[in-house]
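Single-letter residue listing:
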Amino acid sequence: MPLNIVTVYDDNKFRALISHHAAGFLCSVFFVKLPFPAKVPSVQFLYPPILCSTNSLRVLRHPHMISPQLSNYLRANRKRLALSQDEVAFLLGTQSGAKVCRYEKFIREPSLETALACEAIFKRSVSELFPGLYQKVERDVAARARALVEKTDRRKPTRQTARKREALAALVS
Amino acid sequence: MNTIFPKYPRILAIAPSTRGFGYAVLEGRKELVDWGVKSVTGDKNAGSMEKVEEIIAHYNPQVMVLEDTEAKGSRRSARIRVLTKRLIALAESREIRVVLFSQKQVRRVFFADGCGTKHALAEIIAGRFPDELGFRLPPKRRPWMSEDYRMDIFDATALALAYLYRGPKAVEARQNGCHRIAESVKKSRRNAGERGRSL
């Protein structure tokens, strides 16, 4: 679900890049045609959420904007338990703490086995430990569900398709 | 922590010290995401700046909270004053909102009469985050002891909490101070440029 609205004064450049950038931040993008360079403060007053220029990719952050989720919260949970990276690596069954460091720096994504081991160590669900990753996966599933809804709508309505539509509607919302 | 949809901006608080700096990252429902002390050897300001840049790149904060070293009664060293100015310039270049709090203002947030020791403040913060900081609370400093390095974490967390607990009105008021320092940074740069060396 989009959480933020990004208003972009559009000069028909970098559209795809901005959209991609905003998707990473769970933002929906509205492209607004404005003479460039626009007077940012007045435009920001008109479009308060967030404003960015496609020219410079500078995002003027609204003070009350919602933070994009971090990919994972392994470091916070590790520090809470006063464990070192090597100790967590030992618990995960890996050789050294370097791998844990890469997970914490969002360089590497853990396998399902590692993710479940993290859940066992930190006593938090995988979606809580990896909320950024979870949201990305959730968004992708929702997009695929939308496509499947369209496909299902073309079929003859039966009790089975009605049930299916209900389930897919829940996924899309 | 780990609210799937946090309602607050991510806040990075930095408390520079003689060793390096303490930092705290808050997010979501006033939850600690990261905290710690970074020690720097050699050129402490340059080293600190590098490490702060790494933290900013990792956490992408929306707000940076610092101590107002230009406030009346502040006794921070010249090096830390320069470091604070450089941190403000860094935050501005990354379009991170900077908020400054003086020691007095931080104490006013945590103590009814605005008076309290550093240790008392650390105890309050350890009580607020018992899982994260409870076991990191240093013993009370005796007159012959130097300050424990872990106090930097509590200083940084106090700054971040001060931002959260004070209303937006108070924060806006502090922005004036921030602009004042930003102006002084620009002025220093101009002077340094005239003298042929950077700040």
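Since the model is a prediction, treat every value here as computed from it, not as a measurement.

Reading the values: the criteria
Residues numbered from 1 in each chain as written. Chains lettered and ligands numbered in written order. Predicted model: local features only at pLDDT ≥ 70, side-chain atom pairs only at ≥ 80, totals over all residues. Heavy atoms only, no water. Helix = DSSP H or I, 4+ residues; strand = E, 2+ residues; numbered from the N terminus. Buried < 20%, exposed > 50% of the residue type's maximum accessible area, 1.4 Å probe, protein only. Contact = heavy atoms within 4.5 Å. 1 Å grid on protein atoms, 1.4 Å probe; cavity = no way out; pocket = protein on both sides within 12 Å on 5 of 7 lines; lining within 4 Å. Points joined across faces, edges and corners; volume = space filled by probe spheres on them. Nonpolar A, V, L, I, M, F, W, Y, C, P; charged D, E, K, R; others polar. Polar contact = N/O pair within 3.5 Å; in protein donor to acceptor, adjacent residues only side chain to side chain. Axes fitted to C-alpha atoms, helices over the stretch in contact; angles between N-to-C directions. Left-handed = near helix turned anticlockwise from the far one by under 90°. Patch = residues over 30% accessible without salt bridge, like charges linked within 9 Å, V, L, I, M, F, W, Y side chains within 5 Å. Areas by Shrake-Rupley, 256 points an atom, 1.4 Å probe, with all protein chains shown as cover. Salt bridge = Lys/Arg side-chain N within 4 Å of Asp/Glu carboxyl O. Lys, Arg positive; Asp, Glu negative; His and termini not counted. Charge placed at Lys NZ, Arg CZ, Asp CG, Glu CD. pLDDT = per-residue confidence, 0-100. Parallel < 35°, antiparallel > 145°, perpendicular 65-115°, else oblique. Pairing = 2+ DSSP bridges.

**Observations regarding the overall build of chain A**
Across its full length, chain A holds nine helices and four strands. Sorting the 173 residues of chain A into buried and exposed places 35% on the buried side. Intrachain contacts of chain A at a sequence separation of at least 6 include 53% that bridge at least 24 residues.

**Points about empty space enclosed by the protein**
Evaluated as defined, the whole model comprises three cavities of 30 Å³ or more. By volume, the largest cavity is sized at about 100 Å³. As for the largest cavity, its lining consists of B:Ala15, B:Glu67, B:Phe101, B:Ser102, B:Gln103, B:Val106, B:Arg107, B:Lys118, B:Leu121, B:Asp155, B:Ala158 and B:Leu159. If you list the elements that add at least two residues to the lining of the largest cavity, you get helix 3 (103-110), helix 4 (118-128) and helix 6 (151-165) of chain B. Looking at the lining of the largest cavity residue by residue, the class counts come to six nonpolar, two polar and four charged. Around the second largest cavity, the lining residues are A:Leu70, A:Asn72, A:Tyr73, A:Leu74, A:Arg75, A:Ala76, A:Glu104, A:Phe106, B:Val33, B:His58 and B:Tyr59. Where the lining of the second largest cavity is concerned, the elements lending two or more residues are helix 3 (74-80) of chain A together with helix 1 (44-59) of chain B. In terms of residue count, the dominant contributor to the lining of the second largest cavity is helix 3 of chain A (three residues). In terms of residue class, the lining of the second largest cavity is made up of seven nonpolar, two polar and two charged.

**Some thoughts on the side chain of B:Arg97**
In this structure, B:Arg97 sits in strand 5 (residues 97-101). Polar contacts involving the side chain of B:Arg97 include one to the side chain of B:Tyr163, which spans 3.4 Å.

**Overview of the packing of helix 4 (residues 85-92) of chain A against helix 6 (residues 112-122) of chain A**
All names here are of chain A. As a packed pair, helix 4 and helix 6 sit with axes 10 Å apart at the nearest point and diverge in direction by 115 degrees. Classified by chirality, the crossing of helix 6 by helix 4 is right-handed. Note on element contacts: helix 6 touches helix 4 through Thr-114, Ala-117, Cys-118, Ile-121 and Phe-122, opposite Val-88, Leu-91 and Leu-92.

**Looking at a positive patch on the surface**
All names here are of chain A. Taken together, the side chains of Lys-151, Arg-154, Arg-155 and Lys-164 define a basic patch exposed on the protein surface. Structurally, Arg-155 can be placed in the loop between helix 8 (131-153) and helix 9 (159-172). Assessed through its relative accessible area of 43%, Arg-155 is described here as partly exposed.

**Points about a nonpolar patch on the surface**
On the surface, A:Val137, A:Val141 and A:Leu171 cluster together into a nonpolar patch covering about 220 Å² of accessible area. On the basis of relative accessible area, A:Val141 is assigned to the partly exposed category, the value being 31%.

**A word on the confidence of the model for chain B**
Residue and element names in this part refer to chain B. Residues with a pLDDT of 70 or more make up 78% of chain B, whose mean pLDDT is 84. Within chain B, strand 1 (residues 11-16) carries the highest mean pLDDT (95), whereas helix 7 (residues 168-195) carries the lowest (58). Note on residues 1-5: pLDDT is under 50 here. Beyond four places in sequence and across chains, it has 22 contacts. Note on the complex model: pTM 0.72, ipTM 0.78.

**Description of the packing of helix 4 of chain B against helix 6 of chain B**
Residues and elements named next belong to chain B. Put simply, helix 4 and helix 6 touch, their axes get as near as 9 Å, and they point 70 degrees apart. One way to sum up the angle between helix 4 and helix 6 is to call them roughly perpendicular. The handedness of the crossing between helix 4 and helix 6 comes out as left-handed. Residues Lys-118, His-119, Leu-121, Ala-122, Ile-125, Ala-126 and Arg-128 of helix 4 form the contact with helix 6, whose participating residues are Met-151, Phe-154, Asp-155, Thr-157, Ala-158, Leu-161 and Tyr-165.

**Comments concerning the pairing of strand 4 (residues 63-67) of chain B**
All names here are of chain B. Where burial is concerned, most of strand 4 is hidden: five out of the five residues are buried. Neither face of strand 4 is left uncovered, since the one carrying Val-63, Val-65 and Glu-67 and the one carrying Met-64 and Leu-66 both have all their residues buried. Sheet analysis places strand 1 next to strand 4, joined by three bridges and oriented parallel. Its bridge partner being in strand 4, Ile-11 is matched across the sheet by Val-63. Sheet topology places strand 4 next to strand 5; five bridges connect them, and they run parallel. Paired with Val-65 across the strands is Val-99, a residue of strand 5.

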